[in-house]
Every structure is written in structure tokens, then in C-alpha cells.
Amino acid sequence: MKCPYCGEDNTRVIDSRPADDNSSIRRRRECDDCSKRFTTYEKVETIPLIIIKKDKTREAYDRSKIESGVIKSCHKRPISLEEIEKCIDRIETAVFNLEQKEVESTVVGELVMDEIKNLDPVAYVRFASVYREFKDVNIFMDELKKLLN
């Protein structure tokens, strides 16, 4: 492991423990050359996941796209970053628990909507309005009525 400060390869692990989510290992390391300490996380490598988009093109799964959508929908809402991260972790776990090499983007979108609905109703409506491409106010109102019931 290269030191992020000096770039040397001489680093050693001084502490290892499971990370908060128990799906990765947190390691404290120290550089033998500059004596600075840093943290790394080790995660199990999973099978590559391909997302089939609406136009039938395929692309590699990218967590940052889910993060971006969830964070945008939660903008200026009383939701902590920790809650958002846990929500994204649950979405990602659900996607990988499908145990498929290829997953349609609509499936991922529905998983995101289910999780956001439990997180915050305003964030849910924001995400749904973009995801479902609401064309007019009536469709928007129908979704709000569903949410209120």
C-alpha cells in the first residue's frame, strides 16, 4: 500500500477491525518512511454488475449515480449524511442481493424509490418526479395522493 503523503510503498498495518457496516475491514496504517498514519478500507470484491438502461444500452454499475440522485432529492431536508449513507448502503445491498449479473435500471430505480419513501416523503416526491418523468401536475398530484394514503 502506497503512503498518500510521501508515495513510498513501505507501510505497515498497525490496527485492523471491522468497519461500521461489518462488510469491510478498517485498517490503520503507518508509513515506515515518513511516519504518518492513514486509514484504508478493504472490501470484498463482488462480481461486476451491469445496468441495462431504458434505451437498452449497458453500463457498469456506479454507486455514485445512486448517491447523486439520493443527495439531490434530500437537498435542504432535515436528513443527516449518516442517514443518507445508510439508505444508499441498503439500496446497494438490495441490488447485489438480486444476485444477477445484469439488472435493469428500472429495478434499481424502484429500489431507490422504496428506500427514499421510508427516509423522507418530500425527498421521495422529488426523486419520483424526476425518475417517473412527470409530464403534468395531475400525474404529480396522483403520486402525492398515493403517498398520503
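Just above, that's the structure.
Residues numbered from 1 in each chain as written. Predicted model: local features only at pLDDT ≥ 70, side-chain atom pairs only at ≥ 80, totals over all residues. Heavy atoms only, no water.

*Asks:* What am I meant to see in the sheet that holds strand E5 (residues 58–60) here?
*Replies:* Read across the open sheet, the three strands follow the order E5-E4-E6; overall the sheet is mixed. Of all the strands in the sheet, just E5 and strand E6 (102–104) have a single pairing partner and so form its edges. On average, each strand axis in the sheet is tilted by 30° relative to the strand beside it, whichever way the strands run. Note that strand E4 (residues 50–52) and E6 share three bridges and pair parallel. Directly across from Ile 52, in E6, lies its bridge partner Glu 104. Along the sheet, helix H3 (residues 105–119) makes contact with E4 and E6, crossing E6 at roughly 65°. (Pairing = 2+ DSSP bridges. Helix = DSSP H or I, 4+ residues; strand = E, 2+ residues; numbered from the N terminus. Axes fitted to C-alpha atoms, helices over the stretch in contact; angles between N-to-C directions. Contact = heavy atoms within 4.5 Å.)

*Asks:* Honestly, the pairing of strand E1 (residues 11–18) in this entry has me stumped. Any pointers?
*Replies:* Where a strand is regular, its side chains alternate between the two sheet faces. Two elements, E1 and strand E2 (residues 24–31), share seven bridges in a ladder whose sense is antiparallel. Across the sheet, Asp 15 pairs through a bridge with Arg 28, a residue of E2. Between E1 and E2, which follow one another and run antiparallel, lie five residues, and Asn 22 among them has a positive phi close to 60°.

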